[in-house]
Amino acid sequence: MPSRYDNSIFNYVETRIALGRSFEELDGTSGSPISALWVRVPSHLEPSAATLAIFGDFVAGGASQPLGQNTMGRSLDNTIRIATLVPTEWVLVETHMHALSGGFSQGTGYLWSRDGILLGTASQSMSSKFWDPPAN
């Protein structure tokens, strides 16, 4: 029987942690509000504004780092600002969480090319809750 997670965005993108802890490493201890994740769509070397908007949505996952627990966020608003588009296979999503209170969170993502060029910024406000990811 198909799982509700079968159509997850994670089936279409590849990620690697650059700064922060994996879901398995989150043990309830507080962490840094700053984390970073390398993201790519395999075989997609020229990111578009639409691709960066999808990557910017990863800001929601940054709430897990300072809380030290798996969280899930639902966007209340999401803004993407494109600085420049250059060919790059991997995009670094550097997330800064600014507020985590009363079931809501707010953060900013900086989207960097592999060469260190700022591709754009993303900001997101979301409702957040603790979440147990599906077992593999």
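Summarised in this report is the structure supplied together with it. Sequence order as written defines residue numbering, which begins from 1 separately in each chain. Where local features are concerned, this predicted model is filtered to residues with pLDDT of at least 70; where side-chain atom pairs are given and counted, the filter is 80 or more; whole-chain, interface and lining totals use all residues. Each side-chain value is derived from all of the structure's non-hydrogen atoms; neither hydrogens nor water enter the calculation.

### Observations regarding the pairing of strand E5 (residues 104–113)
- Think of it this way: DSSP has to see at least two bridges between two strands before they count as a pair. Counting from the N terminus, the helices are the DSSP runs of H or I reaching at least four residues and the strands are the DSSP runs of E reaching at least two. Across 10 bridges, the pairing between strand E4 (residues 91–101) and E5 is antiparallel. The residue bridging Glu-94 from the neighbouring strand is Tyr-110, located in E5.
- Taking the residues between adjacent antiparallel strands as the criterion, E4 and E5 are bridged by 2 residues, where Gly-102 takes a positive phi near 60 degrees.
- Relative to strand E6 (residues 118–130), E5 runs antiparallel, the two sharing 9 bridges. Each bridged residue has a counterpart across the sheet, and for Ser-105 the counterpart in E6 is Met-126.
- The antiparallel hairpin formed by E5 and E6 contains 4 residues in its connecting segment, where Gly-116 sits at a positive phi of about 90 degrees.

### Side note on helix H1 (residues 49–56)
- Accessibility here uses a 1.4 Å probe with only protein chains present; expressed as a share of the type maximum, an area under 20% marks a residue as buried, one over 50% as exposed, and anything in between as partly exposed. For H1, the full list of buried residues reads Thr-51, Leu-52, Phe-55 and Gly-56. Buried residues of H1 fall within an arc of 140 degrees about the axis and therefore sit on the same side.
- By definition, residues are in contact when any of their heavy atoms lie within 4.5 Å. On the buried face of H1, the contacting elements are strand E2 (34–40), strand E3 (71–82), E4, E5 and E6. Regarding the arc, it is the one traced by the directions from the helix axis to the C-beta atoms.

### Details of the pattern of salt bridges
- By convention in these notes, a salt bridge is any Lys or Arg side-chain nitrogen within 4 Å of a carboxyl oxygen on Asp or Glu. Applying the stated criterion to the full structure yields 4 salt bridges.
- Of the charged contacts in the structure, one is a salt bridge between Arg-40 and Glu-14, with a shortest N-O distance of 2.6 Å. Taken together, the positions of Arg-40 in strand E2 and Glu-14 in strand E1 (residues 14–19) put the pair 26 residues apart, joining distant regions of the chain.
- Looking at Arg-40, the relative accessible area reads 14%, which means it is buried.
- You can call Glu-14 partly exposed: its relative accessible area is 26%.
- Three or more residues joined by partner-sharing salt bridges are found here, namely Glu-14, Arg-16, Arg-40 and Glu-89.

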